[in-house]
Amino acid sequence: MLKREKPKERFSYNPKKVLQKLEEFGKEVLEELKAGRNPFIDVPTRGLSNVYFDEKDRLIKMGNKTSRRYLFHVAHARRFMQTLLIAAYIKRLVAEGKHASLREAYYANKHTIPGTKENTFEDQSESDPIIEDLERMFGVLREEMHITADRRGYVYGDIVIKDGEDEFNASRLGMGGWAVPGTVEHIEFPEINVDYVLVVETAAMADRLIEEKYPKKEKALIVATQGQASRGVRRLIHRLHYEEGLPIIVFTDGDPYGWYIYSTIKQGSINLAYLSEKLATPEAKFVGMTMDDIKRYGLENVTEKLKGIPPNKKGGPTGDYKRIIEEMNYPWFQNKEWQRQLKLALDWGVRIEQQALANKSLEFVARKYLPEKIANEELLP
């Protein structure tokens, strides 16, 4: 039986600490200049070569490789200047308690340098990586630096949410629930009347569960990711588990894309390895869809063929087949049961979508599939 755990950590967001890191950074550069030295910054290296899987913590983490940038260096000067500009802008945002989107951060810092024809930024593809650099340098989320991205995902269930001066129950906002904002650091949970969080890949399936009153009957909080979980959704899931002790169960399509969605929620992602400790939830469990569900529930006639060329065919593997083989080789998918599931998908050449359960009945997923599997703890690690 699922049990709500004792909270493991306190709410950690502290604007003063973010300001302190930014001020120390600025002072170090200024002191180097006053001393007649060439200021430099060490930025953790991006890419797979600087990423590893921590077996103990079960997280994808960033390694200790760094690249050094100097202010007085032809190849580095522009990037160094851009870093200082964005850092100063973020300091102002945090100090004033204001937030800006990635796009706004780009335009706010784009201008022509006096006495030249050079622009500080030519495109947002220059400013976004600088913000990522600052995240890696300071070990803070961009959301903690008051930089937000587009919102995606929603929450429905008997939980009271305090968002600034507003306080409301996420089960009394209509069928659409509460839209997860880009930044969830300031959100508080004064009252929680659910036993676990059910993270659902598709909005269509989340809507179906809400219509069937699954959240009320099963005392569950539905979090719809609407595809790959956004940073805001992943951070919210992390906080609900570690700060509120709620078990996390993930429900996706039975295909390489759905399994990767689960993987990023659980272990983190390669691209955001430097944020895994704040975004990932290693204790999350997977309820489905699994390959075993196909025969168990008689869904053979509603599977979809894997896209691409199988590994045993000329030109293969490609498409879904190639993605599954890649997942089989990930250290975090080396679990015996996951290896079996992935091999079955390759052998059978099929995938199964959440909506395929409607073949049994519209009510099937809410009345039988999820309640039985969760009650019996038929969950993959």
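Before any of the text, the structure's been laid out above.
Residues numbered from 1 in each chain as written. Predicted model: local features only at pLDDT ≥ 70, side-chain atom pairs only at ≥ 80, totals over all residues. Heavy atoms only, no water.

On to the overall build of the protein, then. On a plain count of helices and strands, the protein comes out with 13 helices and 17 strands. The C-alpha atoms of the protein give 23 Å as radius of gyration, which agrees with the globular expectation for 381 residues (21 Å, within 12%). Taken over the C-alpha atoms alone, the protein extends approximately 75 × 60 × 40 Å along its principal axes. Counted over contacts in the protein with a minimum sequence separation of 6, partners at least 24 positions apart contribute 72%. Accessible surface for the protein amounts to roughly 18,300 Å². Of this, 49% is attributable to carbon and sulfur atoms. The averaged location of the 58 negative side-chain charges in the protein is 2 Å from the averaged location of its 60 positive side-chain charges. (Helix = DSSP H or I, 4+ residues; strand = E, 2+ residues; numbered from the N terminus. Rg over C-alpha atoms; globule rule 2.2 N^0.38 Å. Contact = heavy atoms within 4.5 Å. Areas by Shrake-Rupley, 256 points an atom, 1.4 Å probe, with all protein chains shown as cover. Lys, Arg positive; Asp, Glu negative; His and termini not counted. Charge placed at Lys NZ, Arg CZ, Asp CG, Glu CD.)

The next thing to look at is empty space enclosed by the protein. Following the criterion strictly, the structure yields 1 cavity of 30 Å³ or more and no others. Here the largest cavity defines a volume of roughly 40 Å³. Taken together, Leu141, Glu143, Gly182, Val184, Glu185, Arg231, Gly232, Arg235 and Leu279 make up the lining of the largest cavity. Per-element tally for the lining of the largest cavity: the top contributor is helix H7 (residues 231-242), with 3 residues. Looking at the lining of the largest cavity residue by residue, the class counts come to 3 nonpolar, 2 polar and 4 charged. (1 Å grid on protein atoms, 1.4 Å probe; cavity = no way out; pocket = protein on both sides within 12 Å on 5 of 7 lines; lining within 4 Å. Points joined across faces, edges and corners; volume = space filled by probe spheres on them. Nonpolar A, V, L, I, M, F, W, Y, C, P; charged D, E, K, R; others polar.)

Further remarks concern the sheet that holds strand S8 (residues 159-163). Spatial strand order, S9-S8-S11: 3 strands in an open sheet with antiparallel pairing. Both outer strands of the open sheet, strand S9 (166-169) and strand S11 (188-192), are each paired with one neighbouring strand and no more. Along the sheet, successive strands turn relative to each other by an average axial angle of 20°, direction set aside. Note: S8 against S11, 3 bridges, orientation antiparallel. When the bridges of S11 are listed, Val160 appears paired with Glu191. (Pairing = 2+ DSSP bridges. Axes fitted to C-alpha atoms, helices over the stretch in contact; angles between N-to-C directions.)

The next point concerns the packing of aromatic side chains. Inspection of every chain in the model, using the stated rule, returns 14 aromatic pairs. With 5.6 Å between their ring centres and 50° between their planes, Phe53 and Trp332 make a pair best called tilted. Taken as a pair, Phe53 in strand S2 (residues 51-54) and Trp332 in the loop between helix H11 (319-329) and helix H12 (336-348) lie far apart in primary sequence, 279 residues in all. With relative accessibility at 12%, the residue Trp332 sits in the buried group. (Phe/Tyr/Trp six-rings, centres within 6.5 Å; stacked < 30°, edge-to-face > 60°. Buried < 20%, exposed > 50% of the residue type's maximum accessible area, 1.4 Å probe, protein only.)

Running from N to C, helix H2 (residues 77-96) and helix H4 (residues 124-138) point in directions that differ by 70°, and their axes come no closer than 10 Å. In this view, H2 runs roughly perpendicular relative to H4, as classed from their interaxial angle. The residues of H4 that touch H2, namely those facing Arg78, Arg79, Gln82, Thr83, Ile86, Ala87 and Ile90, are Glu126, Ser127, Pro129, Ile130, Ile131, Asp133 and Leu134. Looking at the contact of H2 with H4, its residues break down into 7 nonpolar, 3 polar and 4 charged. (Parallel < 35°, antiparallel > 145°, perpendicular 65-115°, else oblique.)

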